[in-house]
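# Coordinate analysis (summary)
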Amino acid sequence: MSKKYPLRVFGLAVLSSLALLVLASPQRIQALSGHEFRAGNIISDSTFFSGSTMTIGEIQRFLDAKVPTCDTYGTKSSGRAGYPTRADWGRANGAAPPYVCLKDYRQNTPTRPAESGLCKGYTAASNQTAAEIIYYVSESCGINAKALVVLLQKEQSLITDDWPWPIQYRSATGYGCPDTAPCDAEYYGFFNQVYAAARQFKHYNQGGYNHKAYMNNYIRYNPNAACGGSTVYIQNQATAGLYNYTPYQPNQAALNNLYGTGDSCSAYGNRNFWRLFNDWFGSTDGGSYLLRTVDDSSVYLIVGNYKYPISDINIMNAISPLGPVGFVS
């Protein structure tokens, strides 16, 4: 967590006013612009490494809202010549209906052991929903459930796809799928993908990877080295993790057309993560959260990259509408 600053003249009245401000819905007064993208600070640590940001019910309602009706039998037009329906196109490409949308997806999940500094493990369960898997992985590994939702969309469009193919679940978060080689079958499957990705983001914090926080890093624009890149000072661990997971930054062409395509040297993974998170959940800069560590009961109000200790029960009660206390490493 960021450096602690003393809570001097920051009384109940001020905190109550702050609570009213940050409780407002994270709606933007203007459209998101590529000019706002900061290559060195894609998302704050306080936002990314935060459990307890969504309940199972909230995740489920979010998935339901994104796909009100699933095209289970592929009856909609495929938009492709010679293939009248989606089902026709799917059958021609080894993906016959029925199609299962993420809001309706279920699977049996395995047990995973606890690992110090990574995740607290996972208890096997039968017939878990995607919302339950996202929630319990978030709680186990201390990765914001909202970030996991965005990752699923960024990699395979699973959040908004109303007729997803099996391959999208097979490699749901893109884990074990390098740019230069086939995906690793060891990590196939929705649960495996979500858990492995969350665990990996914690593993990046232990060092030994190409992109490092708190220093200058040369970050390419594209897998094609001829497209070049630039030197970026990475400001936090979460941003370093995103670059280790997807090692490219958007070039100016990709930022100029934020909701479309750039040029032949554009890469979109980290741009799309930033854009989707901002559009769906508010700023990646770090809103206001109540957080504590697993080993210390002290609770802090997190505002952006600052943290304020909450030592008065009256103050705690005043800002409780911010939500439950989350846990970070």
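I will try to describe carefully the structure that is included in this document.

The rules behind these values
Residues numbered from 1 in each chain as written. Predicted model: local features only at pLDDT ≥ 70, side-chain atom pairs only at ≥ 80, totals over all residues. Heavy atoms only, no water. Helix = DSSP H or I, 4+ residues; strand = E, 2+ residues; numbered from the N terminus. Buried < 20%, exposed > 50% of the residue type's maximum accessible area, 1.4 Å probe, protein only. Disulfide = S-S within 2.5 Å. Pairing = 2+ DSSP bridges. Expected span 1.5 Å × (residues − 1). Contact = heavy atoms within 4.5 Å. Polar contact = N/O pair within 3.5 Å; in protein donor to acceptor, adjacent residues only side chain to side chain. Axes fitted to C-alpha atoms, helices over the stretch in contact; angles between N-to-C directions. Parallel < 35°, antiparallel > 145°, perpendicular 65-115°, else oblique. Left-handed = near helix turned anticlockwise from the far one by under 90°. Nonpolar A, V, L, I, M, F, W, Y, C, P; charged D, E, K, R; others polar. Salt bridge = Lys/Arg side-chain N within 4 Å of Asp/Glu carboxyl O.

With that settled, consider the overall build of the protein chain. In terms of helices and strands, the protein chain carries twelve helices and ten strands. Looking at the protein chain as a whole, 47% of its 329 residues are labelled buried.

Moving on to the state of the cysteines. Applying the stated criterion to the full structure yields four disulfides. A disulfide bridge connects cysteine 227 with cysteine 265, and the sulfur atoms are separated by 2.0 Å. In this structure the cystine formed by cysteine 227 and cysteine 265 twists about its S-S bond by roughly -75 degrees; its chirality is therefore left-handed. You can see cysteine 227 sitting in the loop between strand S5 (215-220) and strand S6 (229-234) and its partner cysteine 265 sitting in the loop between helix H10 (252-256) and helix H11 (269-281), a full 38 residues away along the chain.

In this sheet, strand S2 (residues 83-85) lies alongside strand S1 (residues 77-80) in antiparallel orientation, the contact comprising two bridges. Bridge pairing links arginine 80 to tyrosine 83 in S2. The antiparallel pairing of S1 with S2 creates a hairpin that spans two residues between the two strands, and glycine 82 there sits at a positive phi of about 85 degrees.

To continue, consider helix H6 (residues 145-156). Taking 1.5 Å as the rise per residue, H6 with twelve residues should run 16 Å; its terminal C-alpha atoms sit 17 Å apart, in good agreement. Of all twelve residues making up H6, ten are buried, and the element is well covered by its neighbours. Among the residues of H6, Ala145, Lys146, Ala147, Leu148, Val149, Val150, Leu151, Leu152, Gln153 and Lys154 are the ones counted as buried. In this structure, the buried side of H6 is in contact with helix H2 (45-48), helix H3 (56-66), helix H5 (130-141), helix H8 (190-204), helix H9 (237-245) and H11. Its side-chain oxygen 2.9 Å from the backbone nitrogen of lysine 146, asparagine 144 forms the N-cap of H6. Positive backbone phi, at 55 degrees, marks serine 157, one or two positions downstream of H6.

Another point: the packing of H6 against H8. As a packed pair, H6 and H8 sit with axes 11 Å apart at the nearest point and diverge in direction by 120 degrees. What the angle tells us is that H6 and H8 run oblique. H6 and H8 meet at a crossing whose hand is right-handed. Within the contact between the two elements, H6 uses Leu148, Leu151 and Leu152 and H8 uses Phe190, Val194, Ala197, Ala198 and Phe201. When its residues are assigned to classes, the contact of H6 with H8 shows eight nonpolar, no polar and no charged.

Now for the pattern of salt bridges. Enumeration according to the criterion identifies six salt bridges in this entry. Note that arginine 86 and aspartate 162 form a salt bridge whose closest N and O atoms lie 2.8 Å from each other. Pair noted here: arginine 86 is in helix H4 (residues 86-92) and aspartate 162 is in the loop between H6 and helix H7 (166-170), with a separation of 76 residues, a long-range link. Neither arginine 86 nor aspartate 162 differs from the other in exposure class; each is buried. Note that arginine 199 and glutamate 115 form a salt bridge whose closest N and O atoms lie 2.7 Å from each other. With arginine 199 in helix H8 and glutamate 115 in the loop between strand S3 (106-109) and strand S4 (125-129), this residue pair connects regions lying 84 residues apart in the sequence. Within the structure, one salt-bridge network assembled from shared partners comprises Asp71, Lys76, Arg86 and Asp162.

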